[in-house]
Amino acid sequence: MKAPADYLNCPVFELTYPTGEAAESVPVVAYDDAVRAIEVALADAEKYKYLLMRALRRHATDTQVSYPAMPQLPLPEKATDTPVRPLYPDLAA
């Protein structure tokens, strides 16, 4: 994989004050160059993602893991002796 600076194929400037002294130690690039570098980095990330997913799929087919079956719980039996009462008895009338 490339380092972040490898995606920048443009001039890099140092930020300075109007007096000429260095304002910060942060390099400055043009907006269009930065956007272009980000687009290239995202395209590379998609390529690496595709390669990684393909490798994971191949590895998964080579090593099949059998998982234990889920336990089957019996369904509750229908009770006939349970009385059914309205939730709001005043509205039932």
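Up top is the structure these notes are about.
Report follows, based on the coordinates. (Residues numbered from 1 in each chain as written. Predicted model: local features only at pLDDT ≥ 70, side-chain atom pairs only at ≥ 80, totals over all residues. Heavy atoms only, no water.)

1. Quick look at the overall build of the protein chain
Working step 1: Each helix and strand in the protein chain was counted, giving two helices and two strands.
Working step 2: If you list the helices and strands of the protein chain from N to C, you get β-β-α-α.
Working step 3: Taking all 93 residues of the protein chain together, the buried fraction comes to 5%.
Working step 4: Long-range pairs, those at least 24 residues apart, make up 24% of the contacts in the protein chain between residues at least 6 apart in sequence.
Working step 5: Entry remark: accessible area of the protein chain is about 9,200 Å², with carbon and sulfur atoms responsible for 62%. (Helix = DSSP H or I, 4+ residues; strand = E, 2+ residues; numbered from the N terminus. Buried < 20%, exposed > 50% of the residue type's maximum accessible area, 1.4 Å probe, protein only. Contact = heavy atoms within 4.5 Å. Areas by Shrake-Rupley, 256 points an atom, 1.4 Å probe, with all protein chains shown as cover.)

2. Digging into the side chain of D44
Working step 1: In this structure, D44 sits in helix α1 (residues 31-62).
Working step 2: For the buried D44, no salt bridge is present, and the opposite-charge side chain at shortest range is K47, 4.3 Å distant. (Lys, Arg positive; Asp, Glu negative; His and termini not counted. Salt bridge = Lys/Arg side-chain N within 4 Å of Asp/Glu carboxyl O.)

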